[in-house]
Amino acid sequence: MSTGHILVQKSMNLQGEVALSGAKNAVLAIMASLLLTSGKSVLKNVPAISDVKQMIGILESLGVTILFDKEHNVLEIDTTSLDHNNIAQECVKKFRASFLVLGPLLTRFKDVKIALPGGDEIGARPLDYHIKNFIKMGAAIHHEDSFLYAHAKKLKAQKIVLDYPSVGATENLMMALVLIPGRSWIINAALEPEVLDLITVLQKMGASIEIVSPAMIKIDGVEKLHPITHTVMFDRLEAGSLLVAGAITQGDIYVPDAHVRDMDLFLMKLEEMGNKVICNKNGVGVRIKGAARQRAVSFKTAPYPGFATDLQPLMMIAQVVAHGTSTIVETVFENRFLHAPELNKMGADITASGHYAQVNGVKNLYGASVLATDIRAACALALAGLVAEGQTHIDGLLHWKRGYETLDQKLRDLGALLELCEGAPTVAKKVTPAIGAKKVERREL
Ligand code: UD1
């Protein structure tokens, strides 16, 4: 069965101002954290993407009442009738962040059965940092037939040291610890902006949680947490995609919602390539003017504030069409170059092996039929289509839909010839120029 596809045609000089949606990686954890409260919370700036839909399915199966005003991106979540017994295991299997309900449910109900989650094919992605530390807190955990069973008579405050600053483990563990009496620590914690958004939410709920440098989170358990109203942070990964689109199409794009602090290293690399990157003085708002001749740069992914692994496939596209050779080191995931052979089908010159990729810049890319295997790869291949001669056909629309609410429309508004097509591919179908071309007024910086 086809999952739908994306059609893209060469579209240079993207131009205009573009708004960001709320961050997928922040909102999923925040939705899970509401299981710690009883009452009605309101989340604003919630993207209407399929991962949010699945998380709504999980919360509803737990007795939570949800109202999603997709037009205004407002989600009302009432946890008054929360019950932990009927978790929608089918939804859990569809995306990895579903596992984040384990921490809150375990701390509240002490007894959870949860399916082992799915997600992108970007590596083995074990859950050992989560599990071994729930055990350290006093839980008994075993798995059987792709289900995990967690049970605890009583959970204890703990000093937890993470092997690696895992985003998901930091989030899951801190959600469990905020309601456990006594002082806990998470050492070598992930401090990605999305983790900080979750910490802000927990503080609003009444949790005693703070970051102590370097990379430690201090938690003093409280008895009860209360509902909140919160505006989810903007999606820095969508911002990165739009800025790469501006660079490679030699365009001029202004992203007023982009927070410079969330993407310093990424912006520096775009600048090193020869692009003009103009950041507003207050740290919010980035404009890019793509250079006619861009130099290849090398980079290495790492936990924040290092180069975000989710921006690696996007930045690789910029290297594919730059002058010179770039070395990319992917240190976070072991299998995150699946987009490289697809790009080679379009004429790129990439040699990828293990954690390393060497990219020799090429003059031209050519439209081809390619396959996206994860969210960011889908976006990266679509951006490659913008600078490729002819038409690019990307299979794997479901990945795009997991993470992007209206990015296709935003790109069209900037002048891109790009279309999302549901169902089976139509051989003769072409993206017509009439779809793109709408220019948006740009505020001067
Ligand atoms: C989150 C993001 C994802 C991003 C990643 C790294 C969400 C929903 N997803 O994923 O977009 O690419 O952070 O910034 O927020 N690991 C283990 N054992 C564990 C947990 C992780 O070995 O128990 C490893 C992973 O396999 C990976 C590394 O640690 O190699 C980092 O993973 P982690 O930070 O946990 O990523 P996620 O939270 O899954």
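Residues numbered from 1 in each chain as written. Predicted model: local features only at pLDDT ≥ 70, side-chain atom pairs only at ≥ 80, totals over all residues. Heavy atoms only, no water.

Draft legend 1. Spotlight on the domain arrangement of the chain. Here the chain is described as being made up of domain 1 (4-21 + 234-422) and domain 2 (24-231). In this structure, domain 1 and domain 2 have C-alpha centres spaced 30 Å apart. The partner domain 2 presents 24 residues to the 26 residues of domain 1 that form the contact. The interface formed by domain 1 and domain 2 contains two salt bridges. Viewed at the interface, domain 2 and domain 1 are joined by seven residue pairs in polar contact (both at pLDDT 80 or more). Of all the secondary structure elements, the ones that give two or more residues to the side of domain 1 that touches domain 2 are α8 (236-248), α12 (375-386) and α13 (397-403). At four residues, the largest contribution of residues to the side of domain 1 that touches domain 2 is made by α13. Of the residues in the side of domain 1 that touches domain 2, the class split is nine nonpolar, six polar and 11 charged. (Domains from an automatic or database assignment. Contact = heavy atoms within 4.5 Å. Salt bridge = Lys/Arg side-chain N within 4 Å of Asp/Glu carboxyl O. Polar contact = N/O pair within 3.5 Å; in protein donor to acceptor, adjacent residues only side chain to side chain. Helix = DSSP H or I, 4+ residues; strand = E, 2+ residues; numbered from the N terminus. Nonpolar A, V, L, I, M, F, W, Y, C, P; charged D, E, K, R; others polar.)

Draft legend 2. Fine view of the pattern of salt bridges. For the structure shown, the criterion picks out 18 salt bridges. Between Glu90 and Lys93 there is a salt bridge, with the nearest N and O atoms lying 3.3 Å from each other. Of this pair, Glu90 and Lys93 both sit in helix α3 (residues 89-94), three residues apart, which is roughly one turn of the helix. Exposure remark for Glu90: the relative accessible area of 52% places this residue in the exposed category. In this structure Lys93 comes out as partly exposed when scored by relative accessible area, which is 34%. (Buried < 20%, exposed > 50% of the residue type's maximum accessible area, 1.4 Å probe, protein only.)

Draft legend 3. Representation of the nonpolar core within the structure. Within the largest apolar cluster, 79 residues are counted, with the highest numbers of intra-cluster contacts made by Met31, Leu43, Met174 and Ile186. Top element by residues in this core is helix α1 (residues 24-33). It accounts for seven residues. Among the nonpolar cores identified, the runner-up in size contains 72 residues, and Ala245, Phe266, Val286 and Ala384 belong to it. (Core = buried A, V, L, I, M, F, W, Y, C linked by side-chain atoms within 4.5 Å.)

Draft legend 4. Representation of the packing of aromatic side chains in the model. Tallied over the full model, the rule gives three aromatic pairs. Taking the centre distance of 5.1 Å and the plane angle of 55° together, the rings of Trp400 and Tyr404 count as tilted. We note that Trp400, like Tyr404, is buried. Joined through ring pairs, the aromatic side chains of Phe266, Phe299 and Phe307 make up one cluster. Seen from the ring of Phe147, Lys113 lies directly overhead, with NZ or CZ sitting 4.4 Å from the centre. (Phe/Tyr/Trp six-rings, centres within 6.5 Å; stacked < 30°, edge-to-face > 60°. Lys NZ or Arg CZ within 6 Å of the ring centre and 35° of its normal.)

Draft legend 5. Fine view of the environment of Ala176. Relative to the helices and strands, Ala176 is located in helix α6 (residues 167-177). For the pair formed by Ala176 and Gln203, sequence separation is 27 residues and the distance between their alpha carbons is 14 Å. In contact with Ala176, not counting residues within four places along its chain, are Gly103, Thr107, Phe134 and Met137.

Draft legend 6. How the structure looks around the sheet that holds strand β7 (residues 140-144). Spatial strand order, β6-β8-β7: three strands in an open sheet with antiparallel pairing. Two strands in the sheet have a free side with no partner beyond their single neighbour: β6 (111-115) and β7. On average, each strand axis in the sheet is tilted by 15° relative to the strand beside it, whichever way the strands run. Here β7 runs beside strand β8 (residues 147-151); their pairing, made up of five bridges, is antiparallel. Note that in β8 the partner of His142 across the bridge is Tyr149. (Pairing = 2+ DSSP bridges. Axes fitted to C-alpha atoms, helices over the stretch in contact; angles between N-to-C directions.)

Draft legend 7. Region of interest: the site of the ligand. Close contacts around the ligand come from 18 residues, with Asp128, Ser166, Val167, Asp310 and Val332 the closest. Within the backbone of Tyr129, one N or O atom sits 2.7 Å away from an oxygen atom of the ligand. Contacts to the ligand include Ser166, whose side-chain N or O atom sits 2.6 Å from an oxygen atom. Relative to its free-state accessible area of 740 Å², the ligand is covered by the protein chains to the extent of 88%. Mapped by element, the contributors of at least two residues to the shell around the ligand are α5 (128-136) and α6. Of the residues contributing to the shell around the ligand, the split by class is eight nonpolar, five polar and five charged. Mapping the shell around the ligand onto the domain boundaries places at least three of its residues in each of domain 1 (4-21 + 234-422) and domain 2 (24-231). (Near = heavy atom within 4 Å. Areas by Shrake-Rupley, 256 points an atom, 1.4 Å probe, with all protein chains shown as cover.)

Draft legend 8. The side chain of Asp374, seen in detail. Within the fold, Asp374 resides in the loop between β22 (369-371) and α12. Of the polar contacts made by the side chain of Asp374, one reaches the backbone nitrogen of Arg376; its length is 3.0 Å.

Draft legend 9. Examining the packing of α6 against helix α7 (residues 193-205) more closely. At a closest axis distance of 10 Å, the pairing of α6 and α7 adopts a crossing angle of 10°. Overall, the two elements α6 and α7 adopt an arrangement that is roughly parallel. On α7, the residues that touch Val167, Thr170, Glu171, Met174 and Met175 of α6 are Glu194, Val195, Leu198, Ile199 and Leu202. Counted by class, the contact of α6 with α7 contains seven nonpolar, one polar and two charged residues. (Parallel < 35°, antiparallel > 145°, perpendicular 65-115°, else oblique.)

Draft legend 10. Highlighting the sheet that holds strand β11 (residues 208-212). One open sheet holds the four strands; their spatial order is β9-β10-β12-β11, and the pairing between them is mixed. Looking at the sheet topology across the chains shown, the edges are occupied by β9 (159-161) and β11. Neighbour-to-neighbour, the strand axes of this sheet turn through a mean angle of 15°, independent of strand direction. Along the sheet face, α7 touches β11 and β12 (216-220) and points at about 145° away from the line of β11.

Draft legend 11. Looking closely at the confidence of the model for the chain. For the chain, mean pLDDT is 93; residues scoring 70 or higher make up 93% of the total. Low pLDDT (under 50) marks residues 434-445, which in the prediction has 34 contacts with non-local residues, meaning those over four places away or in another chain. (pLDDT = per-residue confidence, 0-100.)

Draft legend 12. The arrangement of the pairing of strand β18 (residues 325-329) in detail. Bridge analysis of strand β17 (residues 299-300) against β18 gives two bridges, and the strand direction is parallel. Opposite Phe299, over in β18, you have Ile328 as the bridge partner.

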